[in-house]
Amino acid sequence: MVQKTERLLSLDVFRGLTIALMILVNNPGSWGHVYPPLLHADWHGVTPTDLVFPFFLFIIGVSLYMSYSKYDHKLSKQSAIKIIKRSALIFLIGLALHFYPFYNKSFESIRIMGVLQRIGLAYLIAAFLCLSISIKNLWRVALLILIFYWTSSIIHGGENPFSIEDNWVRAIDLKVLGENHMWKGKGIPFDPEGIMSSIPAAISIVFGFYIGALIQKYKEQHLLVKNLLLVGVIAVFVGLCWSIYFPLNKSLWTSSYVIYTGGLACMVLGILVEILDVRKKQSWAKPFQVFGLNPLIIFVFSGVFVKTMLYIVRWTNEAGNTINGNSWLWANIFSQITPNHLKFSSLLMALFHLAICYLLGYVLYRKKIVIKV
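Residues numbered from 1 in each chain as written. Predicted model: local features only at pLDDT ≥ 70, side-chain atom pairs only at ≥ 80, totals over all residues. Heavy atoms only, no water.

Details of the pattern of salt bridges
By the definition in use, this model includes seven salt bridges. Residue Glu193 pairs with Arg111 through a salt bridge whose shortest N-O separation is 2.6 Å. Of the two residues, Glu193 is situated in the loop between helix 6 (168-176) and helix 7 (198-217) and Arg111 in the loop between helix 3 (77-99) and helix 4 (115-132); the sequence distance between them amounts to 82 residues. What makes Glu193 buried here is its relative accessible area of 7%. Salt bridges linked by common partners bring Arg111, Asp191, Glu193 and Lys250 together as one network. (Salt bridge = Lys/Arg side-chain N within 4 Å of Asp/Glu carboxyl O. Helix = DSSP H or I, 4+ residues; strand = E, 2+ residues; numbered from the N terminus. Buried < 20%, exposed > 50% of the residue type's maximum accessible area, 1.4 Å probe, protein only.)

See the structure below:
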């Protein structure tokens, strides 16, 4: 009989907290007025915002271990089909989100990769690795992949292999995706959710899978907390040491970044287990349970809502200028709340957007509707 893993409230809250932060940092009132911790690092380095995505992949890994316990954590025809279908669906939803609102769009210039596309591709790689390799050997394979990614970055990169211009990740994406299908937010074609960098991103999921096994092993929650914190501290130390030679960088999803953020995720999960599952201090956690029940659907809704406000809710004012719903909210409401502190106003608009997403999540939560992707 396959052993079932006990469900932890802390994991559900961690998932919801991560999605809430992901939505919050993606939707400020004005990108020109954002508190520095709510922005990604310009290139090397890590801000609190740079922790959100790897934390979510880590949680996917923990959930992967739990959900595939019915397959005895082994690859079979049934589990392989499930993995492929789920990965493809997540990828296609992400691509459809880029196409939305589906008019005046040309595939010739559409960005192919993105957050959901990264999740789908990384999940595909990680799930096959985790179910094909024994848990005893999985960490060795994961480490070898990270070392391969590091050495390949040096060998195949340009004169400055860890720069935005010369890194091999960009070179491969240019050849495979083409310049027209890549993100250009930094002034040149470079995709922070590109193809090759999805390989180390998959190891962030593998890290979580390994922690899922740790959760099953330590049924005594006090021991679980101690081991999560121990693994976390060791991983953070290793990641920081590795960063001397391979800098912490979310855009490249460097090997040091995988280890470092995985360690921090372990520590956060350990603290949440202590607070929620050991000490039973749970009254504050309800909103994050709401977000955690349907995380991907709420994230997709967030993107659809913003694009609707930008591209569908539009009108021409008396001066003949085109106004969209998003800019009107900022100019006429939120920027006027604290005009001398526009960063705070921008944060308030992000919180407003988060509240809209929460309403959807709350309705689904109350009706006990779980939309699985």
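Moving on from the model shown.
Thoughts on the packing of helix 3 against helix 11 (residues 295-311)
As a packed pair, helix 3 and helix 11 sit with axes 10 Å apart at the nearest point and diverge in direction by 15°. By the criterion of interaxial angle, the relationship of helix 3 to helix 11 is roughly parallel. Viewed along their axes, helix 3 and helix 11 form a crossing whose handedness is left-handed. Contacts from Ile90, Ile93, Leu97 and His98 in helix 3 reach Leu296, Val300, Gly303, Val304 and Lys307 in helix 11. Here the contact of helix 3 with helix 11 is built from residues that sort into six nonpolar, two polar and one charged. (Axes fitted to C-alpha atoms, helices over the stretch in contact; angles between N-to-C directions. Parallel < 35°, antiparallel > 145°, perpendicular 65-115°, else oblique. Left-handed = near helix turned anticlockwise from the far one by under 90°. Contact = heavy atoms within 4.5 Å. Nonpolar A, V, L, I, M, F, W, Y, C, P; charged D, E, K, R; others polar.)

Here's the deal with the side chain of Ser87
The topology assignment puts Ser87 in helix 3. Residue Ser87 is classed as buried on the basis of its relative accessible area, which comes to 4%. A distance of 3.4 Å separates a polar atom in the side chain of Ser87 from the backbone oxygen of Gly120. Contacts of Ser87, omitting those with residues within four sequence positions, involve Gly120, Tyr123 and Leu124. (Polar contact = N/O pair within 3.5 Å; in protein donor to acceptor, adjacent residues only side chain to side chain.)

Details of a positive patch on the surface
Among the surface-exposed residues, Lys70, Lys82, Arg86 and Lys372 lie close enough to one another that they form a single positively charged patch. Among the structural elements, Lys70 can be located in the loop between helix 2 (52-67) and helix 3. Looking at Lys70, the relative accessible area reads 56%, which means it is exposed. (Patch = residues over 30% accessible without salt bridge, like charges linked within 9 Å, V, L, I, M, F, W, Y side chains within 5 Å. Areas by Shrake-Rupley, 256 points an atom, 1.4 Å probe, with all protein chains shown as cover. Lys, Arg positive; Asp, Glu negative; His and termini not counted. Charge placed at Lys NZ, Arg CZ, Asp CG, Glu CD.)

A word on the packing of helix 10 (residues 286-293) against helix 13 (residues 342-366)
Running from N to C, helix 10 and helix 13 point in directions that differ by 75°, and their axes come no closer than 8 Å. It follows that helix 10 is roughly perpendicular to helix 13 by the angle criterion. Only Leu354, Cys357, Tyr358, Gly361, Tyr362, Leu364 and Tyr365 of helix 13 make contact with helix 10, whose side of the interface consists of Lys286, Pro287, Gln289, Val290, Phe291 and Leu293. Within the contact of helix 10 with helix 13, the residues separate by chemical class into ten nonpolar, two polar and one charged.

Looking at the nonpolar core
Within the largest apolar cluster, 90 residues are counted, with the highest numbers of intra-cluster contacts made by Phe58, Ile119, Ile211 and Leu269. Looking at which element gives the most residues to this core, the answer is helix 2, with twelve residues. Among all residues touching Leu269, those that are not within four sequence positions of it are Ser10, Leu11, Phe14, Phe58, Ile211, Ile215 and Leu228. (Core = buried A, V, L, I, M, F, W, Y, C linked by side-chain atoms within 4.5 Å.)

Points about the environment of Ser335
Residue position: Ser335 is located in helix 12 (residues 325-337). Sequence-wise, Ser335 and Tyr103 are 232 residues apart; in three dimensions their C-alpha atoms are separated by 31 Å. A distance of 3.1 Å separates a polar side-chain atom of Ser335 from the backbone oxygen of Ala331.

Describing the confidence of the model for the protein chain
Residue-level pLDDT values for the protein chain average 94, and 98% of them are 70 or greater. The model gives residues 1-5 a pLDDT under 50, and that stretch makes 13 contacts with residues more than four places away or in other chains. (pLDDT = per-residue confidence, 0-100.)

Side note on the packing of aromatic side chains
This model, assessed by the stated rule, comprises 18 aromatic pairs. Ring centres of Phe162 and Phe246 lie 5.0 Å apart, and the angle between their planes is 40°; on these two criteria the pair is classed as tilted. Here Phe162 is found in the loop between helix 5 (135-156) and helix 6, whereas its partner Phe246 is found in the loop between helix 8 (221-242) and helix 9 (255-278), with 84 residues between them in sequence. No difference in accessibility class separates Phe162 from Phe246, as the two residues are buried. Seen in terms of ring centroids, Tyr358 and Tyr362 are 5.9 Å apart; in terms of plane orientation they differ by 25°. Their pairing is stacked. Here Tyr362 and Tyr358 lie together in helix 13, a separation of four residues that amounts to about one turn. (Phe/Tyr/Trp six-rings, centres within 6.5 Å; stacked < 30°, edge-to-face > 60°.)

Examining helix 12
When the terminal C-alpha atoms of helix 12 are compared, their 17 Å separation across 13 residues agrees well with the 18 Å that a helix rising 1.5 Å per residue should span. At Ala331, helix 12 shows its largest kink, close to 35°. Turning to helix 12, its buried residues number three or more, namely Gly325, Asn326, Leu329, Trp330, Phe334 and Ser335. Its buried side turned inward, helix 12 meets helix 11, strand 1 (314-316), strand 2 (322-324) and helix 13. Regarding helix 12, its N-cap is Asn324, as a side-chain oxygen of that residue lies 3.0 Å from the backbone nitrogen of Asn326 further along. (Expected span 1.5 Å × (residues − 1). Bend = angle between axes of the 7 residues up to and from the residue.)

Here's the deal with the side chain of Ser10
Looking at the element boundaries, Ser10 is found in helix 1 (residues 9-26). Beyond its immediate chain neighbours, meaning those up to four positions away, Ser10 contacts Leu269, Leu272, Val273, Leu276 and Asp277.

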